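# Results of the structural survey
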Amino acid sequence: MRKNFGSKAFLYPQPVLIIATYDENGTPDAMNAAWGCICDYDKILLCLSAEHKTVENLLARKAFTVSPADAAHVVAEDYVGVVSANKVPDKFKKAGFHATKSEFVDAPIINELPMTLECVLESFDKETEWVVGKIVNVSAEESVLTDEKIDPAKLQPIAFDPVNYAYHCLGEKVGNAFKDGLTLNQ
């Protein structure tokens, strides 16, 4: 028997994304967001309210980076989500993060996070609060690569559990995309 929960934003897995920008002084900032997805081959969609300092920064600079949060940095990643840069301007530093300027966009790469999508702002809709970014580069530390490809087992991305307010590390491989289903054609 099923239990009904009504209209809720419950979906699994829900990625935890760390969005990074530079402010007007060139100081790095980051925020934690769980409402985002890939929406085309080279685009990312984020739902971010305009009152965030990070959104103010990305609208001014027209650039941002997105890193999947990982199991190794949960405390820092949660911190940049619960503290506002509008109130704590040095929250990036307090989180223990360090930045390197992207070669491709006017935004910081968080050194501690091993994978980054480097994006230019394509659009922001004030009504829906949708940020669309064009991904111009994806970079990853060699430590999370196997055979020159990003290895989720090494990356250890985390997902947000919107029901229990928890983070979970993504689990083991359970199948092969675009392959396993073809066995039903036999």
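The structure this text deals with has already been given above.
Now for a look at the structure at hand.

## What about helix α2 (residues 74–82)?
Residues of α2 that are buried include every one of A76, E77 and V80, and no others. The buried residues of α2 occupy one face: seen down the axis, they fall within an arc of 100 degrees. Structural note: α2 exposes V75 and V82 on the side pointing more than 90 degrees away from its buried face. Turning to α2, the residues buried within the fold contact β2 (17–22), β3 (28–33), α3 (91–94) and β13 (158–161).

## Quick look at the pairing of β2
Remember that side chains alternate between the two faces of the sheet whenever the strand is regular. Among the six residues that make up β2, six are buried, leaving the element largely enclosed by the rest of the structure. Of the two faces of β2, the one holding L17, I19 and T21 and the one holding I18, A20 and Y22 are both buried throughout. In this structure, β2 lies alongside β3, joined through six bridges in antiparallel fashion. Paired with T21 across the strands is D29, a residue of β3. Between the end of β2 and the start of β3, which pair antiparallel, lie five residues, with G26 showing a positive phi angle near 85 degrees. In this sheet, strand β6 (residues 63–68) lies alongside β2 in antiparallel orientation, the contact comprising four bridges. Bridge assignment links A20 to a residue of β6, and that residue is T65.

## What to know about the environment of A34
Tracing the chain through its elements places A34 in the loop between β3 and β4 (36–40). Judged by its relative accessible area of 15%, A34 is buried. A sequence separation of 26 residues divides A34 from K8, and the C-alpha atoms of the two residues are 14 Å apart. If near-sequence neighbours (up to four positions away) are discounted, A34 is found in contact with Q14, P15 and F160.

## Regarding the nonpolar core
If you look at the biggest cluster of nonpolar residues, it comprises 20 residues, and the most contacted ones within it are I19, I44, L46, L48, F64, V66 and V131. Of all the secondary structure elements, the ones that give two or more residues to this core are β2, β3, β5 (43–47), α1 (53–61), β6, β9 (115–125) and β10 (130–140). Considering every element that reaches this core, the biggest residue donor is β9, with five residues. Apart from the residues lying within four places of it in its own chain, the contact partners of I44 are C37, I38, C39, F64, V66, L117, C119, V131, V132, G133 and I135. Judged by nonpolar contacts, the second largest core, of 15 residues, contains V16, I18, F92 and I158.

Calculation rules
- Residues numbered from 1 in each chain as written.
- Predicted model: local features only at pLDDT ≥ 70, side-chain atom pairs only at ≥ 80, totals over all residues.
- Heavy atoms only, no water.
- Buried < 20%, exposed > 50% of the residue type's maximum accessible area, 1.4 Å probe, protein only.
- Helix = DSSP H or I, 4+ residues; strand = E, 2+ residues; numbered from the N terminus.
- Arc of directions from axis to C-beta.
- Contact = heavy atoms within 4.5 Å.
- Pairing = 2+ DSSP bridges.
- Core = buried A, V, L, I, M, F, W, Y, C linked by side-chain atoms within 4.5 Å.

Don't take any of this as a statement about function, it's just geometry.
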